[in-house]
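Descriptive analysis of the structure
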Amino acid sequence: MSDAPPEAASQTPVEAPVEAPAEAPVEAAVQTSVEAPAEVPAPLVCPACSTVNDPDAKFCEECGTQLGELVEVNADPEPNKTTPVPDSDVATSSTAAPRRACVYCGGSIADDGYCELCGKPAQSERDHWQEAPAAWVGGVCDRGIRHQINEDAMSLAADPQPGEFAVLVVCDGVSSTPGSDKASLAATRAATAVLAAGRATDLADGAGDDLAQARWSGRMLKAGERASAAIYEAIGELAARTNPPSCTFSAAVIDGPLVVVGQVGDSRVYWIADEGKSRQLTTDDSWSQEMMAHGMSRQQAESAPQAHSITRWLGADSPDEVPHVVPTYPTGAGWVLVCSDGLWNYCSDADDLAQLVHRIVGMVGTNPVQVASSLVDWANEQGGQDNITAALARFDSVVPTPAPPA
């Protein structure tokens, strides 16, 4: 999760305490009607932290543990299978089967919310999920080890034909502002919808490659604008706080040989080449990036205490929400990687990250979900101090780069 902006870092909003709903009045001992009295839904008590939640809550407001109906989870998910992130406002029953599998050891989650084998609390679907809209595109979003909730989010879209069209969006909620998990999820979904709609428009209009850069650059700006508006809609009255929910924004659109990236904050897009030079396609809006621009080494800047203090973000108090947009035409075969700082914090340089990806591909193959999952596992092995998201699109063949305009 990204750190708070410098001017907001010292402000710590206090959440209002969660109050249990008032008890229903005691019914008379003898009923005069044959109809049963209307039942008042009982509040849900979190099995992990004992916080009292609203009857229709799906996740604990305090620790993020899933409440309500238990959903079957495969401990060894199939490659390319998407695990959807449920909307938080969908009501569920408080008692249901079957039991879920523990994501840590494969044991069964008992009725009290803890694994019968290893004793760890159940992991919610928001804590860890994967998406694979096509065989050549996939990603994994994970809570990490040190944080109680996952404030990262991702949203992906793709055409079936490899290299033809894809959208990868990653947003990282600012960790010091409660509600940023809602902000990041809303932003990713809204941005992806805008960019996917652009593809549908091009297909309907028969638009060619001549003005592709201009079209997708404009749509990336619109996606950032819509992501920001979606945050307001998702967080409601929290937008009026001094330190409101906010997030970073990093997106990549792949349209044939063209890749257009948009970015606000310090989530990143990389080009990971199979051979030759790999590159970071985005430039961070952060304290460390400013220090590097003034001559400080990458190692010094990114290891400083202020390294992850961002200077731009999406949210109600953002000074500038307009994404930096960069079009590029990668050469050769490789990967487009969109990730949060939970990954790149352990491997920042593009060439170093490329070596890591190549090593993983050598072990697990080129399935994007498997590669992303291995990257997440690797980041957790380094300490997992932040939420981790890795989304990948694979280029096995390259369409010739169009000639620059005369």
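Report follows, based on the coordinates. Since this is a predicted model, take the numbers as computed values, not measurements.

Each value, and the rule that gives it
- Residues numbered from 1 in each chain as written.
- Predicted model: local features only at pLDDT ≥ 70, side-chain atom pairs only at ≥ 80, totals over all residues.
- Heavy atoms only, no water.
- Helix = DSSP H or I, 4+ residues; strand = E, 2+ residues; numbered from the N terminus.
- Buried < 20%, exposed > 50% of the residue type's maximum accessible area, 1.4 Å probe, protein only.
- Contact = heavy atoms within 4.5 Å.
- Areas by Shrake-Rupley, 256 points an atom, 1.4 Å probe, with all protein chains shown as cover.
- Pairing = 2+ DSSP bridges.
- Axes fitted to C-alpha atoms, helices over the stretch in contact; angles between N-to-C directions.
- Phe/Tyr/Trp six-rings, centres within 6.5 Å; stacked < 30°, edge-to-face > 60°.
- Lys NZ or Arg CZ within 6 Å of the ring centre and 35° of its normal.
- Left-handed = near helix turned anticlockwise from the far one by under 90°.
- Nonpolar A, V, L, I, M, F, W, Y, C, P; charged D, E, K, R; others polar.
- Core = buried A, V, L, I, M, F, W, Y, C linked by side-chain atoms within 4.5 Å.
- Disulfide = S-S within 2.5 Å.

Re the overall build of the chain
Helix and strand counts for the chain come out as seven helices and 15 strands. The proportion of buried residues among the 406 residues of the chain is 50%. Considering only intrachain contacts with a sequence separation of at least 6, the fraction spanning at least 24 residues in the chain is 66%. Surface summary for the chain: the accessible area is close to 18800 Å², and the carbon and sulfur share equals 51%.

A look at the sheet that holds strand β8 (residues 249–255)
The strand order across the open sheet formed by five strands is β5-β6-β8-β9-β13, and the pairing between neighbours is antiparallel. Sheet topology places β5 (152–158) and β13 (324–328) at the edges, where each strand pairs with a single neighbour. The mean angle between the axes of side-by-side strands here comes to 10 degrees, regardless of whether they run parallel or antiparallel. Sheet analysis places strand β6 (residues 165–172) next to β8, joined by six bridges and oriented antiparallel. The residue bridging V170 from the neighbouring strand is S250, located in β8. Set on the sheet, helix α1 (residues 180–205) makes contact with β5, β6 and β8; between it and β6 the angle comes to about 160 degrees. Packing against the sheet, helix α2 (residues 212–235) makes contact with β6, β8, β9 (258–264) and β13, and its axis sits at approximately 150 degrees to β8.

Quick look at the packing of aromatic side chains
For the structure shown, the criterion picks out three aromatic pairs. With 6.3 Å between their ring centres and 85 degrees between their planes, Y346 and W378 make a pair best called edge-to-face. Residue Y346 is found in the loop between α5 (341–344) and α6 (350–364), and its partner W378 is found in helix α7 (residues 368–381); the two are separated by 32 residues along the sequence. Judged by its relative accessible area of 16%, W378 is buried. One cation-aromatic arrangement involves R219 over W216; the distance from NZ or CZ to the ring centre is 4.6 Å. Directly above the ring of W344 sits R268, whose terminal nitrogen or CZ lies 3.4 Å from the centroid.

Some remarks on the packing of α1 against α2
Contact pair α1 / α2: the axes reach a minimum separation of 7 Å and the direction vectors enclose 145 degrees. α1 and α2 meet at a crossing whose hand is right-handed. Across the interface between the two elements, K182, A183, A186, A187, A190, A191, V194, L195, G198, R199, T201 and D202 from α1 touch R215, W216, R219, M220, K222, A223, R226, A227, A230, I231, A234 and I235 from α2. A class-by-class count of the residues in the contact of α1 with α2 yields 15 nonpolar, two polar and seven charged.

Thoughts on the nonpolar core
W216 and F249 are the most contacted members of the largest nonpolar core, which has 27 residues in total. Secondary-structure elements contributing two or more residues to this core are β6, α1, α2, β8 and β9. Residue contacts for W216: discarding those within four places in its chain leaves F165, L195, G198, R199, D202, V253, D255, L258 and V260. I272, L356, V371 and L392 belong to the second-largest nonpolar core, a separate cluster that totals 26 residues.

As for the state of the cysteines
Across all of its chains, the model carries zero disulfides by this definition. In this structure C347 is not part of a disulfide, and its nearest cysteine sulfur, from C339, lies 9.7 Å away. By relative accessible area, C347 is classed as buried at 10%.

A look at the pairing of β6
Across the eight residues that make up β6, a large majority, eight, are buried. Of the two faces of β6, both are covered, the one formed by F165, V167, V169 and C171 as well as the one formed by A166, L168, V170 and D172. Here seven bridges tie β5 to β6, and the two strands are oriented antiparallel to one another. Across the sheet, the residue bridging to D152 is D172, located in β6. Linkage of β5 to β6, two consecutive antiparallel strands, is achieved through a turn of six residues, within which G163 is found at a positive phi near 80 degrees.

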